[in-house]
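# Commentary on secondary and tertiary structure
Residue-level listing of the chains:
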Amino acid sequence: MDASFVKTPEIQKLLDRASGVNESGGNPRLKAVLRDLIESTMEVIVRHDVSESEFWLAMKYLADSSGEIGLIVPGIGLEHFLDLYLDAKDAEAGLTGGTPRTIEGPLYVEGAPLVEGNVNLSTDPDEGTQVLHMTGTVTGPDGEPVQDAIVHVWHANSKGWYSHFDPTSQQTPFNNRRRIKLGSDGRYAFHSKMPSGYSVPPQGATDQLMQALGRHGNRPAHVHFFIEAPGYRTLTTQINFGDDPFAADDFAFGTREGLLPVPSRQGDSAYIAFDFQLQRASGESDEGFSSRHRASAQAQEPTEPETETV
Ligand code: DHB
Ligand code: FE
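Quick summary incoming for the structure in this document. No experiment lies behind these values; they were computed from the predicted model shown. Residues take numbers from 1 onward in each chain, read along the sequence in its written order. Each chain is given a letter, starting from A, and each ligand a number, starting from 1, according to the order in which they appear as written. Two thresholds apply to this predicted model, a pLDDT of at least 70 for residue-level local features and 80 or more for giving and counting side-chain atom pairs, whereas whole-chain, interface and lining totals are computed over all residues. With hydrogens and water stripped out, all remaining heavy atoms of the structure feed into the side-chain values.

## Focus: the overall build of the chain
Summing up its helical and strand segments, the chain has six helices and 15 strands in all. The principal-axis extent of the C-alpha atoms belonging to the chain is close to 70 × 45 × 35 Å. Across the 310 residues in the chain, those meeting the buried criterion constitute 42%. Intrachain contacts of the chain at a sequence separation of at least 6 include 76% that bridge at least 24 residues. Counting only carbon and sulfur atoms, one obtains 54% of the accessible surface of the chain, whose full area is about 16,700 Å². With 25 positive and 44 negative side-chain charges, the chain shows a spacing of 4 Å between the two charge centroids. In this text, helices come from DSSP runs of H or I with a minimum length of four residues, and strands from runs of E with a minimum of two, each type numbered from the N-terminal end. Buried residues are those whose accessible area, probed at 1.4 Å on protein chains only, stays under 20% of the maximum for their type, while exposed residues exceed 50% and partly exposed ones sit between those limits. Two residues qualify as a contact provided that any one of their heavy atoms is within 4.5 Å of a heavy atom in the partner residue. Per-residue and other accessible areas follow the Shrake-Rupley method at a 1.4 Å probe size, with only the shown protein chains counted as cover for residues. A positive count includes Lys and Arg, and a negative count includes Asp and Glu. His and the chain ends are not counted in either. Note that the charge is assigned to NZ on lysines, CZ on arginines, CG on aspartates and CD on glutamates.

Written out as structure tokens, the structure is:
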């Protein structure tokens, strides 16, 4: 049988009824999207002659893996696809230039301490790893220093674990997470304990899926950023270390050309100079964050920016 079976009047009527398209109540956009989603699922079932056992195995996987959905989405390339789609729409609208966007990933936490100056991100000792020193500027399309920028930065520790999500519970809240308020020169500087590459939790749902696909669940060592400033589009990006063994083989597809600096490693220190360029926002709705649900926690530090020195 071929997928034209799904186009028969009986199945089309089922789709109309299931998605409520002929009902007056409800959300029309949801109805339209869901109708297409169910229809695509039916077509996949027919095209691959999916058995009942296989279908219910997939449903059990979906039910059991919901806690790792934020990891699975980048792992199957969908989060990177969203970036490529946004890029293509931007190009169509003539919006080009600036630092490339790349995936947020699932491990941001709202409420990190707001700090100023040359900032230390690492609250915990994390002995035996290098200290990363990262510096640069945040400019706009004409090279102008961006005013009142806030740089959100977050990364893993030397074991590859993120604070708040560390299964060993060994990290202080907001270790390796800060919001840095920049001055009028648009310059930023921070130092922190060098992150290691990240691996999905062993034996978890993402790991199981990657093994079933003959893939791995590793990311190169990386540092995440959101950069927000009035009048500019919020940038979601990250740098991945160009000398990491997984630099060209990131399971989450977050590495992009222009975002792979090689740290200059000198004894106990490693240095990265990296400048960010923001696009100008066309209006207020263009400025902000997506309304993606994000983990949040209370900062223990005062809400006024603290000035830290080296
Ligand atoms: C995943 C983890 C990350 O640290 C990241 O930046 C992106 C994705 C993940 O587990 O899928
Ligand atoms: Fe990450």
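This is not the end of the story, as more comes after the structure.
## Some points on the packing of aromatic side chains
Only rings of Phe, Tyr and Trp enter the pairing, Trp through its six-membered ring, and a pair is recorded when the two centres are within 6.5 Å. The plane angle decides the type: under 30 degrees is stacked, over 60 is edge-to-face, the rest tilted. In the structure shown here, the tally under the stated rule is 12 aromatic pairs. Aromatic side chains Phe 81 and Tyr 85 sit 6.2 Å apart centroid to centroid with 0° between the ring planes, which places their arrangement in the stacked category. In this pair, Phe 81 and Tyr 85 both sit in helix 5 (residues 78-92), four residues apart, roughly one turn of the helix. A residue is classified by how much of its surface remains accessible, and Tyr 85, at 43% relative accessible area, is partly exposed.

## Focus on the packing of helix 1 (residues 9-19) against helix 2 (residues 28-47)
The convention used is that axes are lines fitted to C-alpha atoms, helices contributing only their stretch in contact, and that angles between N-to-C directions extend from 0 to 180 degrees. Where helix 1 contacts helix 2, the two axes come as close as 9 Å, and the packing angle between them is 140°. Between helix 1 and helix 2, the angle is such that the two are oblique. The two elements helix 1 and helix 2 cross, and the hand of that crossing is right-handed. Residue-level contacts link Ile 11, Gln 12, Leu 14, Leu 15, Asp 16 and Ser 19 of helix 1 to Lys 31, Arg 35, Ile 38, Glu 39 and Met 42 of helix 2. Our angle categories are set so that under 35 degrees counts as roughly parallel, over 145 as roughly antiparallel, 65 to 115 as roughly perpendicular, and the remainder as oblique. Crossing chirality is assigned from the near helix's rotation relative to the far helix, an anticlockwise turn below a right angle marking it left-handed and a clockwise turn marking it right-handed.

## A short note on the site of ligand 1
Here, proximity means that at least one heavy atom of the residue falls within 4 Å of the molecule or strand. The environment of ligand 1 is formed by 14 residues, the closest being Leu 71, Tyr 162, Tyr 198, Arg 219 and His 224. In this structure, an oxygen atom belonging to ligand 1 sits 2.6 Å away from a side-chain N or O atom of Arg 219. About the coverage of ligand 1: the protein hides 100% of its 290 Å² of free accessible area. Counting only elements with at least two residues in the shell around ligand 1, the list comes to helix 4 (69-75) and strand 9 (222-228). Whenever a nitrogen or oxygen atom comes within 3.5 Å of another N or O atom, the pair is scored as a polar contact, on the condition that within protein one atom can donate a hydrogen and the other can accept it, and that pairs from neighbouring residues in sequence are kept only if both atoms are in side chains.

## Re the coordination of the iron ion (ligand 2)
Sites may look incomplete because water is not among the atoms; the donors themselves are N, O and S atoms within 2.8 Å of the metal, or within 3.2 Å for Na, K and Ca. Donor atoms from the polypeptide that coordinate the iron ion (ligand 2) comprise Tyr 162 (OH), His 222 (NE2) and His 224 (NE2), at 1.9 to 2.1 Å from the metal. In the primary structure, the donors to the iron ion (ligand 2) are separated according to the pattern Y-x59-H-x1-H. Accessibility assignment for this pair places His 222 and His 224 in one class, buried.

## Observations regarding helix 3 (residues 52-64)
Take the residue count of a helix, subtract one, and multiply by 1.5 Å to get its expected span. Along its 13 residues, helix 3 runs 18 Å from first to last C-alpha, staying within 8% of the 18 Å computed at 1.5 Å per residue. Taking burial as the measure, the 13 residues of helix 3 include zero buried ones, a minor fraction of the element.

## Observations concerning the pairing of strand 6 (residues 187-193)
In terms of burial, strand 6 is a largely internal element, six of the seven residues being buried. As paired elements, strand 2 (residues 114-120) and strand 6 share three bridges and run parallel to each other. Paired with Asn 118 across the strands is Ala 189, a residue of strand 6. Bridge count for strand 3 (residues 131-139) against strand 6 is seven bridges, and the pairing is antiparallel. By the bridge assignment, Thr 135 is partnered in strand 6 with Ala 189. Here the rule is simple: two strands pair whenever DSSP picks up at least two bridges between them.

## Topic: unusual backbone geometry
Residues other than glycine seldom take positive phi values, yet Asp 49 does so here, at roughly 45°. Tracing the backbone shows Asp 49 in the loop between helix 2 and helix 3. Overall, the relative accessible area of 64% leaves Asp 49 in the exposed class. Residues other than glycine seldom take positive phi values, yet Asp 126 does so here, at roughly 45°. Position of Asp 126 among the secondary structure elements: in the loop between strand 2 and strand 3.

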